[in-house]
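What the coordinates show
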2 protein chains.
Amino acid sequence: MERWEEALAQAGYRVTVPRRVVAAVLSEADTPCSAQVVFELGKIRYAGLGLVTVYRTLALYESLGLISRVHVHDGCHGYLATTPGHRHALICTRCGRSVEFLGQGDLDLLIARLEKRTGYRVQEHLLQLFGLCSGCRGTDE
Amino acid sequence: MERWEEALAQAGYRVTVPRRVVAAVLSEADTPCSAQVVFELGKIRYAGLGLVTVYRTLALYESLGLISRVHVHDGCHGYLATTPGHRHALICTRCGRSVEFLGQGDLDLLIARLEKRTGYRVQEHLLQLFGLCSGCRGTDE
DNA sequence: CCCATATTGAAAACTACTATCAAAAACAAC
DNA sequence: GTTGTTTTTGATAGTAGTTTTCAATATGGG
């Protein structure tokens, strides 16, 4: 929770109530949240919160690398807090609960091979896995 | 180009002018196209084309596995023709040109390890790489 | 505590996408 | 070919998600 305020201050942004609220919501959620959901959860903590501010704050946090915008199958974007380092998401398609993980080495190999073959120079990547968490698998299998 | 018509017929769908136009646009594009772009490029070939039909056709082709909806950084969705088999995209961040590739084995290892650790059962994944193609690297490096 | 400035929230604007429905086209049977 | 049934289409209108604008407000340095 301190992490967010520090990052803001360090980058010269003010630490405000709405920004603290959005940070709180995101750092507690273990599911990618749409802007709308962040807005609703945020209003519980601070009734005056505006949707516009949520969008702005999400964009700000994303630019600071505090959260990442992930692709969600139906809606479009979900926002997820990122712990430092490059991480990927494993998302349960039933309950939406997600786990982050580092997937460095494995991709490095793939990327190196690909760069050689295509002539591209890879800078970034988006890796998201979808499946069922142990809870949601329930009786199947 | 035949591939599209066959797939439609085989699944019991009619082969129509708009569907042929969308297929033509997508099979020629080597860049993920938004619905809007498909619409505009499509109208060049067939002025009567409607945007609604483009959306419907894209959804149809996606359900047939002929294209995949990829995550594009700014807009949201881009559509890209998929050659049979499971493929991923490597997209140039400057010119948008993209290359498809198979990334099976590498991920399998990662996925297996992850399943053991998290208890999740992985069903699907989304992998997109972003970088610069040889043309766009130009003078840098 | 005060002030300059960053930040906010409401309303309106804009874009992406979806539902509705009568008209048009595709395919199959003749 | 022609006909008829059914799918498909495109225009309009509607909904959802996101951005712009701008006066009011809150922040942090002095």
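A short tour of the structure in this document, coming up. (Residues numbered from 1 in each chain as written. Chains lettered and ligands numbered in written order. Predicted model: local features only at pLDDT ≥ 70, side-chain atom pairs only at ≥ 80, totals over all residues. Heavy atoms only, no water.)

Right, let's talk about the interface of chain B and chain A for a bit. Each side of the interface is counted separately: chain B has 43 residues, and chain A has 43 residues. Here chain B and chain A share an interface that buries about 3,600 Å² over both sides, 60% of which is from carbon and sulfur atoms. Counting across the interface, chain B meets chain A through zero salt bridges. Secondary structure elements with two or more residues in the side of chain B that touches chain A: strand E1 (67-71), strand E3 (88-92), strand E4 (98-101), helix H5 (104-118), strand E5 (121-132) and helix H6 (134-137) of chain B. When residues of the side of chain B that touches chain A are assigned to their parent elements, the largest contribution, 12 residues, is made by E5(B). When strand E5 (residues 121-132) of chain A meets E5(B), the two strands line up antiparallel, connected through 11 bridges. From the neighbouring strand, A:Gly131 faces E5(B), where its bridge partner is B:Val122. (Contact = heavy atoms within 4.5 Å. Buried area = accessible area lost by both parts, 1.4 Å probe. Salt bridge = Lys/Arg side-chain N within 4 Å of Asp/Glu carboxyl O. Helix = DSSP H or I, 4+ residues; strand = E, 2+ residues; numbered from the N terminus. Pairing = 2+ DSSP bridges.)

Residue and element names in this part refer to chain B. The element E3 is extensively covered by neighbouring structure, given that five of its five residues are classed as buried. Of the two faces of E3, the one lined by His88, Leu90 and Cys92 and the one lined by Ala89 and Ile91 are each fully buried. One ladder, built from four bridges, connects E3 with E4; its direction is antiparallel. Following the sheet pairing, Leu90 is matched in E4 by Val99. The antiparallel pairing of E3 with E4 creates a hairpin that spans five residues between the two strands, and Gly96 there sits at a positive phi of about 85°. Sheet topology places E3 next to E5; four bridges connect them, and they run parallel. Residue pairing across strands places Ile91 opposite Phe130, the latter belonging to E5. (Buried < 20%, exposed > 50% of the residue type's maximum accessible area, 1.4 Å probe, protein only.)

All names here are of chain A. When we look at burial in helix H3 (residues 35-45), the residues that qualify are Ala35, Val38, Phe39 and Gly42. Projected onto a plane normal to the axis of H3, the buried residues spread over an arc of 100° and lie on a single side. Residues of H3 that are buried sit in contact with helix H2 (17-28), helix H4 (51-63) and strand E2 (77-81). (Arc of directions from axis to C-beta.)

Residue and element names in this part refer to chain A. Enumeration over the complete set of coordinates arrives at two aromatic pairs over all chains. Both rings, one in Trp4 and one in Tyr61, keep their centres 5.0 Å apart while their planes meet at 65°; by these two values the pair is edge-to-face. Placement of the pair is Trp4 in helix H1 (residues 2-10) and Tyr61 in helix H4, with a sequence separation of 57 residues. Tyr61 shares its class with Trp4; the two are buried. It is Arg3 that lies over the ring of Trp4; its NZ or CZ is 5.2 Å from the centre. (Phe/Tyr/Trp six-rings, centres within 6.5 Å; stacked < 30°, edge-to-face > 60°. Lys NZ or Arg CZ within 6 Å of the ring centre and 35° of its normal.)

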